[in-house]
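Below, each chain spelled out in residue letters.
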Amino acid sequence: MPGGVGGGGGRGGGRGRRGGDEEPPEKTGWRRFIPSWKVLLGLAGLGFLSLCTLVGVAYAMTPVPEAGNEDATKTAAIFYYSDGKTEIGRVGKNRELVTIKQVPLHVQEAVIAAENRSFRTDPGVSFKGIARAVLVNLTGGEMQGGSTITQQLAKNYYLTDERTMSRKFKELFISIKLGQQKSKDEILQDYLNTIYFGRQAYGIQAASKTYFGVPVEKLRPDQGALLAAIIQRPGQLDPRSEDFRDETLARYQYVLDGMVKTKALSEADRQKYKDKLPETKPLNANQTYAGDRGYMIKRAIKELERDQGITEEQIIDQGLHIITTFDKKKMAAAKQAAEQTFPALHPKRKGKHVQVGIASVETETGRVVAFYGGPDFLKHEYDNVWRGSAQAGSAMKPYVLATALEQGYSLKSLVEGRSGMRFDGQGNPAPNDPNATAPIPNSHNDGPAIDLIKATANSTNTAFVQLGLKVGLPNVIETATKAGIAEDLLTPYRSSYGLSLGINDIRPIEQAAGYATFANGGDYIQPHVVDKVLHRDHKTIYKILKWKKRQNIYKEGVAADVTYALQAVVKNGTGVAARLPDRPVAGKTGTTDKNVATWFVGYVPQLSTAVTIYNDEKKPVVANGVILEGGTGPAKIWNAYMSQATRGMEVEQFPPPAWVGNQQKFATPPASPSPSQTPQCEPGQMSTPEEPCRERREERPCIRGNFPPGCRPQQTPGPDDQGDQPPSHCQRFPQWPGCSGPTATAEPPDPGDGGGGRNRPADG
């Protein structure tokens, strides 16, 4: 029946429904601990809502400050002399506010092309950049940026420099609100008034006047593009920076390309501007840098950035107080010595290509107490101490001597003193070897065998060429490098015997620090110009500074023996003009071929000073109509400075010689002449075994009233002639009774010894 069928169907349906209502089988095993997807979805939704709530609350509770941070009233960075009280100069906020209407549209578009090309249309934040920054920061990388112009404004104008995620979120929230509450023109105006452009210029108006000497309204498109390019790395990107000029050009071209893409510049104008940076004013924003102050401040900033990781922007933004190593009185003494010792070297009289450099370093600390880098930073930005270099000449010879002592040769070792000698690659005399050196000239003839003391005192070229070849020129480079000489100035000459004569360039600061290693017993301490960096309260240390130091770079006794030999230079050699009346001095002259560069580098136990005079056109250095040599010009300037710098300084003595090593005989002394073999001198002549009775204009011992023994062969010395022979006689006849031979010298020869203090070109 239909009803029956329907009923059956009903029952069937009923059973089906009951079957659907049955409980699912219970979970067993590990599945019992896994919540259902519904629970998971609910928890995820709840978490998302909570996060949104937290973000919303944080967003709501982060107001846009009514005014900018304390940057608007920050104090200047202050640089002090070593006393920590006397100011060198202040480097402060150079800022002048302008309205957006004063800024030409092409300048606005240049900044947008450089920093944020979507600025006109974006919401004020770059979510892609933020995501990248968060990822890097969460994975332990360095705190990242990726900011838009609006975000940069939020960070620089409203927030601090704190680098945390919470500050990043504040920056995000403020940026979004700024985008909602301020127009794009208002944001860009605040940004252009806030951003740093280098050269202590804050804001577009100050930058325009600092770089180009015109108000912002008069900037050309290429000038505006350059200023926009500098924003990325102020303090480095600068057309006047030799280190970063190429990078500045690349960034400038990037901005021009961006302006073409945003249709702010035509392709024709891009082609006109792209290959040459616009001309800027010199680095002379204000009188803070006048005189030697510019050299001091710029050097301090350079070292802090390079060696301590403290950037120029940090120094200025945080108003740091920099205590330098410069002694004000010694700085004045260096300037006076450089400019007044020789009237012809006064800045108003000397040729523009004649340069003078002085560097003075404490031997135990590496502190640069004084220097002379040039007459006026505003007129001569290139300092002659750290950046300037000149051929070392014979001032390189002490490193050859130190290398020989390191290898076990003693000061009593004998080397060739004859002019015109030639040597093979091992330093052996080779007069007929076609592969030997060219004939090595001396300005005098010391004889066939002299010890290293006399070779150093007289700056004998043949002796040091031979010695350099004996010890190995790569070893000489190693010694000089350990003492702080830049390796790149030396390695091109590792196969050239001229290295021993200083054909390489060298910097005054490196020479002062290098000779300091002889004075202090063998420790290299990096020369530096900053003592302390303080917060603006002038009390709290901003960062503890660390400078390079290498101890015991020479074997024991080597430094003492080098110093002993260098004392002979000043006592009776080429550097007598440097002698100080109240204390011992050690040092070395240097005069290059054709006298294009001259040196004197010397020290007392506490202070090492290098002086150089050179011509950057490679012409002879002339003062007062006289061609200068190391023993005349630089030695006299050194004396003038050190006489003042050591005033009131305790008199200390050098250590005695250690007489390290063993005597080596690389040259054979001749047989000693007897009185009967010595020809009679005519007036104005002198006699040596090699050149009997040759004329010597500088010294004519035989014209005196009582001829010393040996001038006349028929005159035999009496008993009174044994102990106190005239110095000139002993130099000519060292084996004569009463005279000591060169290898028996216990003290450097007297200053009165023949040839002492004579001016010798080329090997002086």
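Going along each chain's sequence as written, the residues are numbered from 1 onward. Per-residue local features are limited, in this predicted model, to residues with pLDDT of at least 70; the limit for side-chain atom pairs, both in listing and counting, is 80 or more; totals at the level of whole chains, interfaces and linings are taken over all residues. Working from all heavy atoms in the structure, the side-chain values ignore hydrogens and water.

**Q** Is there a simple way to explain the sheet that holds strand β5 (residues 321-324) in this structure?
**A** Sheet strands pair via backbone hydrogen bonds, and the direction of the pair is either parallel or antiparallel. Pairing in this open sheet of four strands is mixed, and the strands run β2-β1-β5-β13 from one edge to the other. Of all the strands in the sheet, the pair left with one neighbour each is β2 (87-91) and β13 (530-534). Shown here is a sheet whose adjacent strand axes are inclined to one another by a mean of 15 degrees, direction ignored. In terms of strand pairing, strand β1 (residues 77-80) meets β5 through three bridges, oriented parallel. Whether two strands pair comes down to DSSP finding at least two bridges between them. Secondary structure elements are taken from DSSP: a helix is a run of H or I of four residues or more, a strand is a run of E of two residues or more, and numbering for both begins at the N terminus. Think of each axis as a best-fit line through the C-alpha atoms, taken over the contacting stretch in the case of a helix, with angles from 0 to 180 degrees between the N-to-C directions.

**Q** Just to check I follow, could you spell out helix α8 (residues 204-212) for this structure?
**A** Every α-helix carries 3.6 residues per turn, so stepping three or four residues along brings you back to the same face. In terms of burial, α8 is largely enclosed, as eight of its nine residues are buried. Along α8, the positions that sit buried rather than exposed are Ile204, Gln205, Ala206, Ala207, Ser208, Thr210, Tyr211 and Phe212. The contact criterion used is simple: two residues touch if any of their non-hydrogen atoms lie within 4.5 Å. The secondary structure elements touched by the buried residues of α8 are β3 (94-95), α3 (105-115), α7 (184-194), β4 (201-202) and α9 (221-230). Residue Gly213 follows α8 closely and has a positive phi angle near 70 degrees. In this scheme, a residue with accessible area under 20% of its type's maximum is buried, one over 50% is exposed, and one in between is partly exposed, where area comes from a 1.4 Å probe on protein chains only.

**Q** Which parts of the structure should I look at to understand the nonpolar core?
**A** Across soluble globular proteins, nonpolar side chains have a tendency to be buried as a group. Put simply, buried Ala, Val, Leu, Ile, Met, Phe, Trp, Tyr and Cys residues joined by side-chain atoms within 4.5 Å make one nonpolar core. Phe79 and Tyr641 are the most contacted members of the largest nonpolar core, which totals 127 residues. Sequence-distant contacts of Tyr641, defined by excluding residues within four places in its chain, comprise Lys330, Ala333, Ala334, Ala337, Ser360, Val369, Ala370, Leu607 and Thr609.

**Q** Can you help me understand helix α18 (residues 473-482) in this one?
**A** For α18, the full list of buried residues reads Leu473, Val476, Ile477, Thr479 and Ala480. Down the axis of α18, the smallest arc covering the buried residues is 160 degrees, so these residues share one side. On its buried face, α18 is in contact with α15 (397-406) and α17 (461-471). Immediately beyond the C-terminal end of α18, within one or two residues, lies Gly484, with a positive phi of roughly 105 degrees. The directions considered for the arc run from the helix axis to the C-beta atoms.

**Q** I keep staring at the packing of aromatic side chains and nothing clicks. Help me out?
**A** Aromatic rings in a pair are described by how distant their centres are and how their planes are angled relative to each other. Centres within 6.5 Å are what make two rings of Phe, Tyr or Trp a pair, Trp counting through its six-membered ring; a difference in plane orientation under 30 degrees is then read as stacked, over 60 as edge-to-face, and the rest as tilted. Evaluation of the coordinates by the stated rule reveals 15 aromatic pairs. Between Phe518 and Tyr554, the aromatic rings sit 5.6 Å apart at their centres with planes inclined by 20 degrees, giving stacked as the arrangement. Linking Phe518 in helix α19 (residues 508-519) with Tyr554 in the loop between β14 (549-550) and α20 (558-572), this pair joins segments that are 36 residues apart in sequence. Note on Phe518: relative accessible area 2%, which makes it buried. Given the relative accessible area of 6%, Tyr554 is considered buried. On the numbers, 5.6 Å between centres and 85 degrees between planes, the contact of Tyr603 with Phe654 is edge-to-face. Of this pair, Tyr603 sits in strand β16 (residues 597-604) while Phe654 is found in the loop between α21 (633-645) and β20 (685-686), placing the two residues 51 residues apart along the sequence.

**Q** Could you clarify how one ought to interpret the side chain of Ser608 in this entry?
**A** Secondary-structure assignment places Ser608 in strand β17 (residues 607-615). For Ser608, a relative accessible area of 0% translates into the label buried. The term polar contact refers here to a pair of N or O atoms within 3.5 Å; inside protein, the definition further demands a hydrogen-donor-capable atom paired with an acceptor-capable atom, and it admits residues adjacent in sequence only when both atoms are side-chain atoms. Looking at Ser608, its side chain comes within polar contact range of the main-chain oxygen of Ala512, at 2.7 Å.

**Q** Sorry, what's going on with unusual backbone geometry here?
**A** Although it is not a glycine, Arg199 sits at a positive phi angle of roughly 55 degrees. Its location among the elements puts Arg199 in the loop between α7 and β4. Accessibility expressed as a relative area gives 6% for Arg199, which makes it buried. Of note in the backbone geometry, Lys618 takes a positive phi value of approximately 60 degrees without being a glycine. Relative to the assigned elements, Lys618 resides in the loop between β17 and β18 (622-623). On the basis of relative accessibility, which here comes to 54%, the residue Lys618 falls in the exposed class.

**Q** For this particular structure, what's the right way to read the confidence of the model for the protein chain?
**A** Close inspection of predicted coordinates is inappropriate in any region flagged by low pLDDT. For the protein chain, per-residue confidence averages 81 on the pLDDT scale, and 72% of positions sit at 70 or higher. Note on residues 1-20: pLDDT is under 50 here. Beyond four places in sequence and across chains, it has zero contacts. Per residue, pLDDT captures the predictor's confidence, and it can take any value from 0 to 100. Confidence over residues 696-761 falls short of pLDDT 50; this stretch has 128 contacts with residues more than four positions distant or in other chains.

**Q** I'm lost on the packing of helix α14 (residues 328-340) against α21 in this one. Help?
**A** In a packed pair of helices, the relevant descriptors are the angle between the two axes and the axis-to-axis distance. Closest axis-to-axis distance for the α14/α21 pair is 9 Å, and the angle between their directions is 155 degrees. Considering the angle they form, α14 stands roughly antiparallel to α21. As for the relative orientation of α14 and α21, their crossing is right-handed in sense. Of α21, the residues touching α14 (which contributes Lys330, Ala333, Ala334, Ala337 and Ala338) are Ile637, Ala640, Tyr641, Gln644 and Ala645. Classification used: nonpolar for Ala, Val, Leu, Ile, Met, Phe, Trp, Tyr, Cys and Pro, charged for Asp, Glu, Lys and Arg, polar for all others including Gly. The residue inventory of the contact of α14 with α21, partitioned by class, reads eight nonpolar, one polar and one charged. Orientation labels follow simple angle bins: below 35 degrees gives roughly parallel, above 145 gives roughly antiparallel, 65 to 115 gives roughly perpendicular, and whatever is left gives oblique. What makes a crossing left-handed is the near helix being turned counterclockwise from the far one by less than a right angle; a clockwise turn instead makes it right-handed.

**Q** When you look at the pairing of β17 in this model, what are you seeing that I'm missing?
**A** A regular strand carries its side chains on alternate faces of the sheet. Of all the nine residues making up β17, nine are buried; the element is thus mostly covered by neighbouring parts of the structure. Neither face of β17 is left uncovered, since the one carrying Leu607, Thr609, Val611, Ile613 and Asn615 and the one carrying Ser608, Ala610, Thr612 and Tyr614 both have all their residues buried. Sheet analysis places strand β6 (residues 354-362) next to β17, joined by nine bridges and oriented antiparallel. Bridge assignment links Ala359 to a residue of β17, and that residue is Ala610.

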